[in-house]
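What follows is each chain in one-letter form.
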Amino acid sequence: MKTINIYYKFLTLLLVATLAVSCDDFLDRRPLDSYTADNYPFPEGGGVYDQEIFAAYGQLKAFHVSTMGFVAAANIRSEDADKGSSPADGPTIKQMDDFQLLPSNAYVNNKWIGYYTLVEKANLILQAVENDVTDTPEEIRTQAIAEARFIRGYAYFHLVRVFGNIPLIDKIFTDVESETNVPQSTPAVIYDFIEQDLIFAAANLPSGWSSNFIGRVTKGSANGILAKVYLYQKKWQQAMDAAQAVISSGVYDLNTPYDKIFGEEGENCSESVFELQCYADATYKASTVYGSQWSQVQGVRGSGEWNMGWGFNSPSEQLDNAYEPDDPRKARTILYAGGKSYYGEDVPIGLPNPRYNHKALGNPAKMASVGARSSFWMNIRILRYADVVLMYAEAANELGKATEALDKLEWVRARARNGNNDILPKVTTTNQGELRDAIHHERRIELAMEHERFFDIVRWGIAKEVLHAAGKTNYTEGKDELFPIPQAQLDLSKGVLKQNPGY
Amino acid sequence: MKRNLFLALAMLLLSVVSFAQNSITLKGKVTDPLGQPIIGANIQIKSEPQRGTITDLDGNYTLQNVSPGSTLIISSIGSRTQEVPVNGRTSINTILEEDYQTLDEVVVIGYGTAKKRDLTGSIVTVRGEEIASRPSISPVASLQGKVSGLTMVTSGAAGEDPTVRIRGINSTGDSSPLYIVDGVMQTSINYINPADIESMEVLKDPSSISIFGLQGGNGVIIINTKRAAEGETRVNFQSYVGFQVLEKKIKVTDAAGFRKLYDQQLANIGADPFDYTNYTADTDWQDEIFRTGFISNNTLSISSSGKNSKTYLNLGYMTQEGIRKLNDYSKFIGRLNEELKFGKYIKVGADVIGVYRKSNPAAGGLNSAINAAPIVPIKDADGNYYATPSFQRAQVGNPVAAIDIRDGCDVNDGYRFTGTVFAEIKFLKNFTWKSSFTGDFSFDEARSYTPLPFKMIYLGEGEAETEIYENKLAKTAVSHSKNFYKNTQQDHYLTYEQEFNDKHRITAMAGFSTTYRYNNNISGNRSDTTLVVPNDPSIWYLNIISPNNPGSYGSGANESSTVSFMGRVNYAYKNKYLLNATFRRDGSSKFAPGNQWGNFGSVGLGWIMSEEAFMKKLDFISFLKLKASWGTVGNGLNIGNYLAYPSLSTGGVAIFGNNIYSSVYPSYIPDPNLHWETVEGRDIGLESQFLNNRLRFTFELYNRKTHDILTRVTLPGVAGSSSYFTNLGTIGNKGVEILLGWNDKIGEDFYYSVSGNLSYNKNEVKSIGDNIDFEIFSDPNMTRSGYSIGYFYGYKKEGIFQTQEEVDASIQKGMAKPGDIKYADADGDEEFTPSDRTYLGTPFPKYNYGISLSCGYKGFEFSIDGQGVSGNHIYVQRRNYLYAVTNYEVNHLKAWTGPGTSNTEPILDITRSNNYLFSEHWLERGDYFRIKNVQFSYTFKKEMLQKLGVQKLMLYVNGQNLKTFTKATGYTPEVGIASTTGGRDNGIYPSPTVYTFGLNLTF
């Protein structure tokens, strides 16, 4: 009996010992079909940080960064566009158009999250560089940092214009439980931060990329956005200098005719300073993975072949009437129901909206080749050279340099004239106020239906006057310049975040 | 094992006692109240408990050498035990009455069995007969209303499992219980034939569930499948056929109502009226997407039992058509169970199940039928479908076209094979070693086809002409995917059983178990840019399309594993004082090394008062047990596999010109400290039976706390869109469960029973996110200490503003207009701010109750079950759809149109955004009572059948979900009860009403 006992004890002991050793191996299960941060085989050579960098580019064209909420905040809020679509559709966008915006509006919260995700993606690049203990050459590190800081600066520039007081996040959180409830910083602090990011980017980004990286941000992109950042702060001299850096780079010109800048044919033309790249073909189907719904949300809301999109951001009657006589830019900006498209098609009558954004209209040949009517493949123009030239003109005029301002203004008008000297007479006034009005008008027309108008009228201090004149009398000064801080974020913050005035 | 011991002892004693004087040979028959023989009933002599026999296939028994003055104890599982004095008779026929809660029954408790009376935990047993005749393809669905403390949301979709919660939500993560099928851990049990279930046990308290560890914190449901019964070969056939229909439609406006309301809405925002000239139809889209579905289940089982072997064979075929068009599901199940004995001490066995299933998904969206405008016709005589009007075209399509285009375009099927082998060795008298190995393999395959789109008719609106459009850009495509699942489990445990001096009864167990789960999938699709692939399922393989066409491909895999050690001691002293204790140590691969292991355990005490001398005098008390238990259980299986690891996502791309580049970013924010969630519970209970077991009463109080809840947390937006999964805090569930039952006979032939159960559960967050300095809020579900998880947080509604004066006198002055919702100033600051939001209700029912009545007379039996919940609210999220103009639910017909017109429905103006803030306006009461099941059956008299060689024949008609009494307006008040975002009705699949006719035949 005793021996049996010992035998059992021994066996049990053996079993337990074996189990103890093998258990930990048995329990070690790591992801099978995805890498982890520890085992990712980063590519060799120049593109060491490309994987993180490209993730940030992916986020740049995300729906809540550059599509509906983007178009609505920048243009539908202005007098140049109506909400569009059918009357009772898209009430959340209508709230923006009507200045009846509530903090609970879903687009407001999604914009917040979308742009902070973009900030996070930029910070992830910086973290990757910082954590890289290999002997990656300094210039590669610096260039990656520059690209990250450009994207971060760009994100904050939109956030500060839309929300005003916002939290400043410049790192990846190590403890999300205790670190993420960050209080807001003032716009002055944010602008200062943006300037530093963009100055660094401008100093360290290349002037251009090889043909397989078309659309990657450059020194020109950084200086161009930086010029605009200065302009918003009325730092006229710096704005002029930054714009001048773009102009004198020699990379860009205004030689592309106005009607060829938009649509598929004008993608990455000589005018393109910063342009979000989108793609689709028969294999890489129309989707937000490779493309964007930017064109779809503004697309013609018709039937059959004209069922191209949702019909938001419809050019307004005010914009229609704002053009100088026979300005050819109007036909490339406004697509009329019952009119003719840039591609020669007859647009049907009886569409739900009288006008659509012609600049977002896709080429029917491309539609046929992709097999879709919504133009997911269309690049989103963020910064055109004409914008930079007009920024120069505006800054120069504010500095009293009328001649230089007139010169740059004429560059833009001359291109618009397209050889027809009977239209768009040269502006000659050197009166600063008159010239200011002329430049403001030129910005409105040249960049109509792009992503400038609402922000421009706010920074020029004419928003109330312009919007009330256009019948948007709900606009309240001191409140509607900004979106509310999203209620969802206020709720999560337990009082750390403060609501914007008036909401 | 016990029985073998008894038999061996009986043999031994027989030789000693057989010379007893005047002994007689006793014969008899044991039947149930319907006259059906009870097979395998125990006949024992009271004075000589070692002696006994069992009835044969015809219910007959023979017992020799019985003293004429002795008393027989006749018992059978599921029946009330009887004591019959012999009084010198040589033939005693006995009728055993049914007893649903027999205390001497043996229950499966995990790694062994125990007498129910010896347990200190809370276990409810539901027998197979109560499940088999219910027309549910998933066996769990039949438990609804039968078990106190069990909340269930049944899905009406063909082949889908219901959501089950035991004693409330214990976690903000997945709170599904653990299923144990014949000892094997499963997350879904839809591969089991409901007709093949012997019994199901619901384990609710820590003292019962802690032995299972892993995921047991949410409760455990044990399923025991049938085995061969004692006796010769038997053949049983069970079958039902029936149909299911939608119980009720959601009330939406017809064409006239729609026109009225859309006109009103457009006028309210100053827009021109819509041109209805060509939209003259009045279509009820719900009638078009629902149908009457056929349902049937047929099972043939053969069992045979010999001296050294037992064989059980079961074949089943079931088919179910969903009430939504195209949705159907059918499966064939074959099962073979074999047990072999080698001598007295060794038993080996195997159980093999093979399943083939075939299904078709529902096509089109459920909500599209309530959203599509009724003014649109379906299709014209040429088969062209009508497009929806411009105001909803981008979001809502023709619901019928969406179904018809998918008709016959999916081929989904799958196989599942589950096999278990075991060996059991008894040694040294009191020891049993059992080892078992299980492999469970599933293969799912799906092929589908994208046909060319229908020609669509766009009706003219205003100046636009009507046109027929054929989309020439569309291409045909095929896709093909395969999934493979592999689950393995091994269990080894040693049991020690001993009785000392008739006073001490002890059962001890120590064991070891591992599980491993793996799955992989591969999928691809191609679309043909030059040819039109024919609509012929036999050729839907990717290679039918030339590889130079566009397509995409992918594959992935997942695995996880667990290791556990467990031990248990059950001790009973003098049949009166009970002690149950368990310990379990679990390791899981889902946590990072260092956090993988958790220790859990429980202690339970019981006191069978009715065994005490002073109680035995009280004749009206048949049984009385007091019990108390405490324990902890781990929870950690229902979470993602690699949450503690910094996994990377490569899904996003960057585009530069025409070049596509891959990218990488963190899939989520990992919590390296992620560890086990622990459910800690205390239970006090009373089990009792009175008046000769006719009256049953059980009462239980429980108090459970879930510590370190595993939760996905919404981070502040500045952290980006990454999700974060962590151990958060403590929540509590307190409750009471009461069960009361009565059964009796009137005269010889009429018997009846009534029973009801009621449970009350209070869910309360104790502390949440001690380290987290932000709110846990998924609008409108708020999770805060002191309230139930995910309670509804919003504004209180006081009515509708009738006049401008009323607006001006309110806190909403300047923000509202007449016709808007008037909100309460909840914080009393005389301003309308977000801090006026407050507690509006909980998505979780406070009360769950069930009631059953049954009665029988000479072979006829009638039963009715009802079930209900109370105390919860439903968020009618489907009405808060703000992206297009949709058809209106009829409540809008009462919309405010001027002073005095309505004080409940605000003005129909989608731009009055204040009316869309989350408030009581969007809530409705979730209380309901449902007539769950009505069954009428007839069992033929044996004499009538004998000539046909039939042993038993029962016919029945059954109706399920016959009527629901509720104020909720959705298809069903059974709205999802997922923890932090519960109670939202965003288009819930209806629970159908099912009528079936069935038979149960034994040869």
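Analysis parameters
- Residues numbered from 1 in each chain as written.
- Chains lettered and ligands numbered in written order.
- Predicted model: local features only at pLDDT ≥ 70, side-chain atom pairs only at ≥ 80, totals over all residues.
- Heavy atoms only, no water.
- Helix = DSSP H or I, 4+ residues; strand = E, 2+ residues; numbered from the N terminus.
- Buried < 20%, exposed > 50% of the residue type's maximum accessible area, 1.4 Å probe, protein only.
- Contact = heavy atoms within 4.5 Å.
- Areas by Shrake-Rupley, 256 points an atom, 1.4 Å probe, with all protein chains shown as cover.
- Rg over C-alpha atoms; globule rule 2.2 N^0.38 Å.
- Lys, Arg positive; Asp, Glu negative; His and termini not counted.
- Charge placed at Lys NZ, Arg CZ, Asp CG, Glu CD.
- Buried area = accessible area lost by both parts, 1.4 Å probe.
- Salt bridge = Lys/Arg side-chain N within 4 Å of Asp/Glu carboxyl O.
- Polar contact = N/O pair within 3.5 Å; in protein donor to acceptor, adjacent residues only side chain to side chain.
- Nonpolar A, V, L, I, M, F, W, Y, C, P; charged D, E, K, R; others polar.
- Core = buried A, V, L, I, M, F, W, Y, C linked by side-chain atoms within 4.5 Å.
- pLDDT = per-residue confidence, 0-100.
- Pairing = 2+ DSSP bridges.
- Phe/Tyr/Trp six-rings, centres within 6.5 Å; stacked < 30°, edge-to-face > 60°.
- Lys NZ or Arg CZ within 6 Å of the ring centre and 35° of its normal.
- Axes fitted to C-alpha atoms, helices over the stretch in contact; angles between N-to-C directions.
- Left-handed = near helix turned anticlockwise from the far one by under 90°.
- Expected span 1.5 Å × (residues − 1).
- Patch = residues over 30% accessible without salt bridge, like charges linked within 9 Å, V, L, I, M, F, W, Y side chains within 5 Å.
- 1 Å grid on protein atoms, 1.4 Å probe; cavity = no way out; pocket = protein on both sides within 12 Å on 5 of 7 lines; lining within 4 Å.
- Points joined across faces, edges and corners; volume = space filled by probe spheres on them.

Student: Give a description of the overall build of chain A that names residues and reports values.
Tutor: Regarding its fold elements, chain A presents 21 helices and eight strands. In terms of its C-alpha atoms, chain A occupies a principal-axis envelope of roughly 115 × 50 × 50 Å. Put simply, chain A has 503 residues, and 60% of those count as buried. A separation of at least 24 residues holds for 68% of the contacts in chain A among residues at least 6 apart in sequence. Carbon together with sulfur atoms contributes 53% to the accessible area of chain A, which is approximately 18,300 Å² in total.

Student: Tell me what's going on with the overall build of chain B, and back it up with residues and numbers.
Tutor: Of the regular secondary structure elements, chain B holds ten helices and 55 strands. The C-alpha radius of gyration computed for chain B amounts to 32 Å, which stays within 12% of the reference 30 Å derived for 1003 residues, consistent with globular compactness. C-alpha extents for chain B along the principal axes are approximately 110 × 70 × 65 Å. Among the 1003 residues that make up chain B, the fraction classed as buried is 57%. Residue pairs at least 24 apart in sequence account for 70% of intrachain contacts in chain B once pairs closer than 6 positions are excluded. Element-wise, carbon and sulfur atoms account for 55% of the exposed surface of chain B, whose accessible area totals about 39,300 Å². When the 97 basic and 101 acidic side-chain charges of chain B are each reduced to a single mean position, those positions are 8 Å apart.

Student: Outline the interface of chain A and chain B, listing residues and values.
Tutor: Facing 88 residues of chain A, the contacting portion of chain B comprises 93 residues. Carbon and sulfur atoms supply 63% of the area buried between chain A and chain B, which totals about 7,800 Å² over both sides. Among the residues chain A hides against chain B, the three largest losses belong to A:Leu27, A:Arg29 and A:Glu177. Together they make up 10% of the total. At the boundary of chain A with chain B, the tally comes to two salt bridges. For B:Glu559, the salt bridge identified is with A:Arg29, shortest N-O distance 3.2 Å. Our enumeration of links across chain A and chain B arrives at 24 residue pairs in polar contact (both at pLDDT 80 or more). Among the elements that line the side of chain A that touches chain B, the one with the most residues is helix H6 (residues 106-131) of chain A, at eight residues. A class-by-class count of the residues in the side of chain A that touches chain B yields 41 nonpolar, 27 polar and 20 charged.

Student: Describe the nonpolar core, and please don't skip the residues or the numbers.
Tutor: By size, the foremost hydrophobic cluster in this structure holds 151 residues, and its most contacted members are A:Phe150, A:Tyr156 and A:Phe274. Tallying contributions element by element places helix H7 (residues 138-163) of chain A first for this core, with 13 residues. Ignoring sequence-local partners within four residues, the contact set of A:Tyr156 consists of A:Tyr116, A:Val119, A:Ile166, A:Pro167, A:Leu168, A:Ile169, A:Ile190, A:Phe193 and A:Ile194. If you look at the next biggest cluster of nonpolar residues, it comprises 45 residues, including B:Tyr276, B:Tyr279, B:Leu459 and B:Tyr989.

Student: Break down the confidence of the model for chain B for me, with residues and values.
Tutor: Residue and element names in this part refer to chain B. Counting all residues, the mean pLDDT for chain B is 85, and 91% of those residues have values of 70 or more. Segment residues 1-21: pLDDT under 50, and 16 contacts once partners within four positions in sequence are set aside and those in other chains are kept. Predicted as a complex, the structure gets a pTM of 0.84 and an ipTM equal to 0.92.

Student: Provide a residue-level description of the sheet that holds strand S26 (residues 467-469) of chain B, including the pertinent values.
Tutor: In any sheet, the strands associate via hydrogen bonds between backbone groups, in a parallel or an antiparallel arrangement. Residues and elements named next belong to chain B. Strand order across the open sheet formed by three strands is S22-S25-S26, with mixed pairing between neighbours. Edge positions in the open sheet fall to strand S22 (385-386) and S26, since each of these has one partner strand only. Relative to strand S25 (residues 456-458), S22 runs parallel, the two sharing two bridges. Looking at S25, one finds that Tyr 385 is bridged to Met 456.

Student: Requested: an account of the packing of aromatic side chains, with residues and values cited.
Tutor: Taken as a whole and assessed by the stated rule, the structure comprises 77 aromatic pairs over all chains. When the ring of A:Phe454 is compared with that of A:Tyr475, the centres are 6.5 Å apart and the planes differ by 70°; the resulting orientation is edge-to-face. You can see A:Phe454 sitting in helix H19 (residues 453-459) and its partner A:Tyr475 sitting in the loop between helix H20 (463-469) and helix H21 (487-493), a full 21 residues away along the chain. The two residues A:Phe454 and A:Tyr475 agree in class, both being buried. Sitting above the plane of the A:Tyr232 ring, A:Arg459 keeps its charged end 5.0 Å from the centroid. Lying over the aromatic face of B:Phe965, B:Lys963 brings its terminal NZ or CZ to 5.6 Å of the ring centre.

Student: Tell me what's going on with the packing of helix H11 (residues 236-248) of chain A against helix H16 (residues 385-398) of chain A, and back it up with residues and numbers.
Tutor: Residue and element names in this part refer to chain A. One way to put it is that H11 packs onto H16 with a least axis distance of 8 Å and a crossing angle of 145°. Between H11 and H16 lies a crossing of left-handed hand. Every residue of H16 that contacts H11 at Trp 236, Ala 239, Met 240, Ala 243, Gln 244, Val 246 and Ile 247 is listed here: Tyr 385, Val 388, Tyr 392, Glu 394, Ala 395, Ala 396 and Glu 398. Here the residues of the contact of H11 with H16 are counted per class, giving eleven nonpolar, one polar and two charged.

Student: Outline helix H4 (residues 255-268) of chain B, supporting the account with residue identities and numerical values.
Tutor: Residue and element names in this part refer to chain B. Helix length check: H4, at 14 residues, gives a terminal C-alpha distance of 20 Å against a target of 20 Å (1.5 Å per residue), a fit within 8%. Listed in full, the buried residues belonging to H4 are Ala 255, Gly 257, Phe 258, Leu 261, Tyr 262, Gln 264, Gln 265 and Leu 266. In the segment just after H4, Gly 270 is the residue with positive phi, at about 75°.

Student: Help me get a handle on a negative patch on the surface, residues and values and all.
Tutor: A cluster of acidic residues, B:Asp827, B:Asp829, B:Glu830 and B:Glu831, forms a negative patch at the surface. Checked against the element boundaries, B:Asp827 lands in the loop between strand S47 (821-823) and strand S48 (838-841).

Student: If you had to explain the pairing of strand S29 (residues 551-573) of chain B to someone new, which residues and values would you point to?
Tutor: All names here are of chain B. Where strand S28 (residues 504-528) and S29 come together, 23 bridges link them in antiparallel fashion. The partner of Ala 510 across the bridge, within S29, is Gly 567. The antiparallel hairpin formed by S29 and strand S30 (residues 577-588) contains three residues in its connecting segment, where Lys 574 sits at a positive phi of about 55°.

Student: An account of the environment of A:Glu446 is needed here, citing residue identities and associated values.
Tutor: Residues and elements named next belong to chain A. Position of Glu 446 relative to the elements: it lies in helix H18 (residues 432-446). Placed 340 residues apart in sequence, Glu 446 and Ala 106 show a C-alpha to C-alpha distance of 31 Å. Sequence-distant contacts of Glu 446, that is, excluding residues within four places in its chain, are made with Tyr 258, Arg 329, Lys 359, Arg 384, Ala 386, Leu 390, Val 412 and Arg 415. Of the polar contacts made by the side chain of Glu 446, one reaches the side chain of Arg 329; its length is 2.8 Å.

Student: Please set out empty space enclosed by the protein residue by residue, giving values where relevant.
Tutor: All names here are of chain B. Taken as a whole, the largest cavity spans an internal volume of roughly 330 Å³. Arg 879, Thr 886, Tyr 888, His 892 and Tyr 916 are the residues nearest the centre of the largest cavity, which is lined by 23 residues in total. Tallied by class, the residues present in the lining of the largest cavity amount to twelve nonpolar, seven polar and four charged.

Student: An account of the pattern of salt bridges is needed here, citing residue identities and associated values.
Tutor: Overall, the coordinates contain 75 salt bridges over all chains when judged by the stated rule. Where A:Glu271 meets A:Arg384, a salt bridge forms, and the shortest distance between an N and an O atom there is 3.1 Å. Placement of the pair is A:Glu271 in the loop between H11 and strand S4 (272-276) and A:Arg384 in strand S8 (residues 380-384), with a sequence separation of 113 residues. Relative accessible area serves as the criterion here: at 0%, A:Glu271 is assigned to the buried category. The partner of B:Asp410 in a salt bridge is B:Arg406, with the nearest N and O atoms 3.2 Å apart.

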